[in-house]
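Given next are the chains, with one letter for each unit.
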Amino acid sequence: MKRLIAVTDVIQPGLAVNAVQVFDQLWNKHRYQIYITSVAEHDRVTEDVNGRPSMWRAFGATPRVALTFSIPWSSSATHALKIMFNPVSYLDEAGAYADLNAAIGNIERETEYLKSRPPEEVHGWVFQMLLTAVCCIKHEGFSEEREWRGVYSPFFGSGRPSETSALEKSLKVIQGVPQTVYQIPLDVSVSAGLEDLDMVRCLRKIIIGPTSYPWVMYEAFVEALTDLKAPDPTSMVAVTSLPLRG
């Protein structure tokens, strides 16, 4: 941390210290109001029919279904939703320190550019770096998941509740626990900024996991996709050949 403070003080005295203080204040006050959605990278060559076997065992109750999406690298949807979207880093303690040192090295190399930017903008970048580190670092043993996380909070970022996110807030009871949930509307009719995430446009395939009733589910999903006017519903649904285990 001393090195980060020294490097950023060259850009603006007290920049890193202030960013850490603001982060700590918000974290202590609003850490239970951070909402995360998790998705995994999908390999079209090795996983397009059977999915990822470890995922079938780890998540949800039977029957399990995987949805695969094709989305652009850059999208206005993140702005409409006010979501921070990042890949998860699978690190041990040494790896976490190496990542931090790499970030500090980037700051050192780009000092002149950072001096040319508005101070509040650079402050925001340091703050986002801290938030990303807290929300998107995971134990190295889970690296096969290849996870990405969408992180949302009505408080982190601006420091005050956002009135403009296209996320849909609701109260749900999940496994007996009542809780606040923010849902991502995959529907361009909700906001023009969600065009890239519209269900008909970005849904690529539905993979039905191990189950006793795969073909009943297949017909149901094909019919639902037909109602949505998907281009080729029958080719968008796959049934895994993995055996059902108790």
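Structure: above.
We now turn to the structure provided with this report. (Residues numbered from 1 in each chain as written. Predicted model: local features only at pLDDT ≥ 70, side-chain atom pairs only at ≥ 80, totals over all residues. Heavy atoms only, no water.)

1. A word on the overall build of the protein chain
A count of helical and extended segments in the protein chain gives nine helices and 10 strands. For the protein chain, the spread of C-alpha atoms along the three principal axes comes to 65 × 40 × 40 Å. Restricting the contact set of the protein chain to residue pairs at least 6 apart, pairs at least 24 apart contribute 72%. As presented, the protein chain carries roughly 15200 Å² of accessible surface, and 56% of it is formed by carbon and sulfur atoms. The centroid of the 23 positive side-chain charges in the protein chain is displaced by 3 Å from the centroid of its 28 negative side-chain charges. (Helix = DSSP H or I, 4+ residues; strand = E, 2+ residues; numbered from the N terminus. Contact = heavy atoms within 4.5 Å. Areas by Shrake-Rupley, 256 points an atom, 1.4 Å probe, with all protein chains shown as cover. Lys, Arg positive; Asp, Glu negative; His and termini not counted. Charge placed at Lys NZ, Arg CZ, Asp CG, Glu CD.)

2. Regarding the sheet that holds strand β1 (residues 35-40)
Pairing in this open sheet of three strands is antiparallel, and the strands run β1-β6-β3 from one edge to the other. The open sheet has two edge strands, β1 and β3 (84-87), and neither has a second partner. Put simply, the sheet's adjacent strands are angled 20° from each other on average, direction ignored. With respect to the sheet, helix α7 (residues 119-135) is in contact with β1, β3 and β6 (147-152), its orientation differing from that of β3 by roughly 55°. (Pairing = 2+ DSSP bridges. Axes fitted to C-alpha atoms, helices over the stretch in contact; angles between N-to-C directions.)

3. Description of the layout of surface pockets
Over the atoms rolls a probe the size of a water molecule, and its path tells where empty space is left. Roughly 2000 Å³ of volume is contained in the largest pocket. Lining the largest pocket are 44 residues, with S38, V39, A40, L67 and F69 sitting closest to its centre. For the lining of the largest pocket, the elements supplying multiple residues, two or more each, are β1, α3 (53-58), β2 (65-69), α4 (77-81), β3, β6, α8 (199-202) and β9 (203-208). Its residues placed into classes, the lining of the largest pocket shows 24 nonpolar, 11 polar and nine charged. Of the volumes computed, that of the second largest pocket is approximately 490 Å³. Taken together, 17 residues line the second largest pocket, and the ones lying closest to its centre are A96, L100, M129, A133 and I137. At the level of elements, β3, α5 (93-109) and α7 are the ones that each hand at least two residues to the lining of the second largest pocket. Here the residues of the lining of the second largest pocket are counted per class, giving 13 nonpolar, three polar and one charged. (1 Å grid on protein atoms, 1.4 Å probe; cavity = no way out; pocket = protein on both sides within 12 Å on 5 of 7 lines; lining within 4 Å. Points joined across faces, edges and corners; volume = space filled by probe spheres on them. Nonpolar A, V, L, I, M, F, W, Y, C, P; charged D, E, K, R; others polar.)

4. Here's the deal with the pairing of strand β7 (residues 168-174)
The two faces of the sheet receive side chains in turn, since in a regular strand these alternate between them. By the bridge criterion, seven bridges tie β7 to strand β8 (residues 177-183) in an arrangement that is antiparallel. In the strand pairing of β8, E168 is matched with Q183. Following β7, the chain reverses through two residues before pairing antiparallel with β8; Q175 in that reversal takes a positive phi of roughly 50°.

5. Things to note about the sheet that holds β9
Strand-to-strand pairing in sheets goes through backbone hydrogen bonds, with the strands running parallel or antiparallel. In spatial order, the strands read β2-β9-β10; together these three strands make up an open sheet with mixed pairing. Two strands close off the open sheet at either side, each with one partner strand: β2 and β10 (237-239). Sheet twist, expressed as the average angle between the axes of neighbouring strands with direction ignored, equals 20°. Where β9 and β10 come together, three bridges link them in parallel fashion. In the strand pairing of β10, I207 is matched with A238.

6. What to know about α7
In a regular helix each residue adds 1.5 Å, so 17 residues correspond to 24 Å; α7 covers 25 Å between its end C-alpha atoms and thus fits that length. Those residues of α7 lying buried are V122, H123, V126, F127, L130, L131 and C135. (Expected span 1.5 Å × (residues − 1). Buried < 20%, exposed > 50% of the residue type's maximum accessible area, 1.4 Å probe, protein only.)

7. Digging into the pattern of salt bridges
In the structure shown here, the tally under the stated rule is 12 salt bridges. Here E195 makes a salt bridge to R201, at a shortest N to O gap of 3.1 Å. Across the pair R201 and D196 runs a salt bridge whose closest N-O atoms are separated by 3.8 Å. The class for D196 is buried, based on a relative accessible area of 17%. Through salt bridges with shared partners, one network takes in K138, E145, E147 and R149. (Salt bridge = Lys/Arg side-chain N within 4 Å of Asp/Glu carboxyl O.)

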